[in-house]
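Coordinates in review
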Amino acid sequence: MYMRIIFLIFLSVIFSLNVFSQQQMSKRRVNYRSIGKDSINLHLDKDYFLIEDTCSSIVRYGHFNFEKRHFFGPFRDLNKQDPFIILAEGKYSQEGKLDGPVVLRYMNDNVQAKGRFLNGDMDGAWELFYEDGKPWMNFTATEKKIQVNDAWDLSGKKVVDGGNGEFKTDLKTLYWQGKLVNGFPDGTWRARRTNDRTNTVMSSEIFKGGSFVKGSGPLGAYSDASRIVLVNPELLPIYNASLMQVSPTACDPSMSRKNIMNATYRNGMTALSDEIIRLVNPFLGKSDIKFYNIYNLTIEGTINEKGVIESLRLKDGFDDKVTSGLIRELYKLPRLEPAIVNGQPTTQSIIFVFKFSAGTYNFSYKFLPIKV
């Protein structure tokens, strides 16, 4: 006999764009089916988060300890659109940890990873592949220590051969990059934020002969142990299943969480202000602006998907030769990094406000909220 259990989950979704933020409460209904005492039928998205069954990508069949809230015993994950594709098959320990050999697949049936878990951790030899089937990396895991043997970039170029080469480890919010020697970090490694297009170094560590020497980060210097994780377990979405968390993306697009980044200048926004001054100062110095007393002039434009400022026009003020000259100079600004929504470049509006008073001026600019 099937018992259907329905959870009403209130998910707070936050849209954030620099100083702009909006909070919206959305009611989500996520269903799962329990079968008998402990068997369970779950609907998951492609990243192994719980989602409405009407738009799920993965169906999990397994066992769940409702009292302790974790999986145990054998499980099988199937592609909902093609149940003949087994995305993952293995088992959990009685304590809810992945345990034993496993082959993980992408939704297109290409192998994602081959390896073995021991009490929830990667153990022994592992192979990872890109979604198109090309090799990504192979490594050996022993007692939570990773030795990278070979690695390839997205284009198929081998970047680590026999444990030697340049390597980049993705930790989602930041990444470490440096040289590997015999599969372990060597020399200086640096950490940067994944979405920071200025490439500012957040932390650094020094290794010698494969051993950690010292490091420094936002909280100061340290010498106890390296903070680098060569292979992030979160690269494998199957880890998310144990969290039993609801997907941030709902079936209804209006309830989805958008990842939004403002346009920016590669050298920083202060440098962009300096560029504006460099361009408009000579022009305004030759213009007769002493008659502009407490006068504001607003120019609006667009930053396109390539970061080029275009479609500049007068929004507020008098349309005269000063306005035309300012627009002409602003068109000379260097290319910016475009705004990004969910990883894709998009257009964004920008406004420039010039304030004149008794022969002097000041200006400001701001990016307008992206309409998604």
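Rules behind the numbers
- Residues numbered from 1 in each chain as written.
- Predicted model: local features only at pLDDT ≥ 70, side-chain atom pairs only at ≥ 80, totals over all residues.
- Heavy atoms only, no water.
- Helix = DSSP H or I, 4+ residues; strand = E, 2+ residues; numbered from the N terminus.
- Buried < 20%, exposed > 50% of the residue type's maximum accessible area, 1.4 Å probe, protein only.
- Contact = heavy atoms within 4.5 Å.
- Areas by Shrake-Rupley, 256 points an atom, 1.4 Å probe, with all protein chains shown as cover.
- Pairing = 2+ DSSP bridges.
- Axes fitted to C-alpha atoms, helices over the stretch in contact; angles between N-to-C directions.
- Core = buried A, V, L, I, M, F, W, Y, C linked by side-chain atoms within 4.5 Å.
- Salt bridge = Lys/Arg side-chain N within 4 Å of Asp/Glu carboxyl O.
- pLDDT = per-residue confidence, 0-100.
- Left-handed = near helix turned anticlockwise from the far one by under 90°.
- Nonpolar A, V, L, I, M, F, W, Y, C, P; charged D, E, K, R; others polar.
- Expected span 1.5 Å × (residues − 1).
- Bend = angle between axes of the 7 residues up to and from the residue.
- Phe/Tyr/Trp six-rings, centres within 6.5 Å; stacked < 30°, edge-to-face > 60°.
- Lys NZ or Arg CZ within 6 Å of the ring centre and 35° of its normal.

Side note on the overall build of the protein
When you go through the protein residue by residue, the secondary structure sums to 2 helices and 25 strands. A burial count over the protein gives 42% of its 372 residues as buried. Partitioning the contacts of the protein with sequence separation of at least 6, the portion at a separation of at least 24 is 43%. Approximately 20700 Å² of the protein is accessible, and the part contributed by carbon and sulfur atoms is 51%.

Focus on the sheet that holds strand β23 (residues 344–346)
Here we have 3 strands laid out as an open sheet, ordered β19-β22-β23, and antiparallel in their pairing. At either margin of the open sheet sits one strand with a lone partner, and together these are β19 (260–261) and β23. One ladder, built from 3 bridges, connects strand β22 (residues 339–341) with β23; its direction is antiparallel. Counted as the bridge partner of V341 is Q344 from β23.

Considerations on the sheet that holds strand β20 (residues 295–303)
Pairing is antiparallel across the open sheet formed by 4 strands, whose spatial order is β21-β20-β24-β25. Either end of the sheet is taken by a strand with one partner, and the two such strands are β21 (309–316) and β25 (360–367). Taken pair by pair, the neighbouring strands of this sheet meet at an average axis angle of 20°, ignoring direction. By the bridge criterion, 8 bridges tie strand β24 (residues 348–357) to β25 in an arrangement that is antiparallel. Residue pairing for β25: I350 is matched across the bridge by F367. The strands touched by helix α1 (residues 269–285) within the sheet are β24 and β25, with β25 carrying the most contacts at an inclination of about 140°. Relative to β20, helix α2 (residues 321–330) is tilted by about 35°, and along the sheet it contacts β20, β21 and β24.

Regarding the nonpolar core
Counting 45 residues, the largest nonpolar core has W126, F139, F167 and L230 as its most contacted members. The contacts of W126, once residues within four sequence positions are left out, are V102, A113, K114, G115, R116, F117, M137, N138, F139 and L236. Counting 31 residues, the second largest nonpolar core, distinct from the first, contains I260, L330, L333 and F356.

Thoughts on the pattern of salt bridges
According to the stated counting rule, one finds 13 salt bridges in the structure shown. Note that D109 and R105 form a salt bridge whose closest N and O atoms lie 3.8 Å from each other. Taken together, the salt bridges that share partners define one network made up of D150, K158 and D161.

What about the confidence of the model for the protein?
Per-chain confidence: the protein averages 84 in pLDDT, with 88% of residues scoring 70 or above. Below a pLDDT of 50 lies the segment residues 1–26, which in the model reaches 67 contacts outside its immediate sequence neighbourhood of four places, other chains included.

Section: the environment of P338
Mapped onto the elements of the fold, P338 is located in the loop between α2 and β22. With residues near it in sequence (within four places) discarded, P338 still touches R197, N262, A263, N304, E305, K306, G307, P345 and T346.

Things to note about the packing of α1 against α2
Running from N to C, α1 and α2 point in directions that differ by 150°, and their axes come no closer than 9 Å. The hand of the α1/α2 crossing is right-handed. From α1, I276, L279, V280, F283 and L284 reach across to α2, where they touch K321, V322, G325, L326, R328, E329 and L330. Considering only residue class, the contact of α1 with α2 consists of 8 nonpolar, 1 polar and 3 charged.

A closer look at α1
The end-to-end C-alpha distance of α1, which contains 17 residues, comes to 24 Å, matching closely the 24 Å that a straight helix rising 1.5 Å per residue would cover. The sharpest bend along α1 reaches about 25° and sits at L279, with the proline P282 one to four residues further on. Among all positions in α1, only L272, E275, I276, L279, V280, F283 and L284 are buried.

Re the packing of aromatic side chains
Counted by the stated rule, this structure contains 12 aromatic pairs. Following the ring pairs from residue to residue traces out a cluster consisting of F64, F66, F71, F75 and Y92. The cationic tip of R60 hangs over the ring face of F71; the distance from NZ or CZ to the ring centre is 4.7 Å. A cation over an aromatic ring shows up here: R227 above the ring of Y222, its NZ or CZ 3.9 Å from the ring centre.

Side note on the side chain of N240
The residue N240 is located in the loop between β18 (220–222) and β19 in this model. If we ignore the near neighbours within four places in the chain, the residues touching N240 are D47, Y48 and F49.

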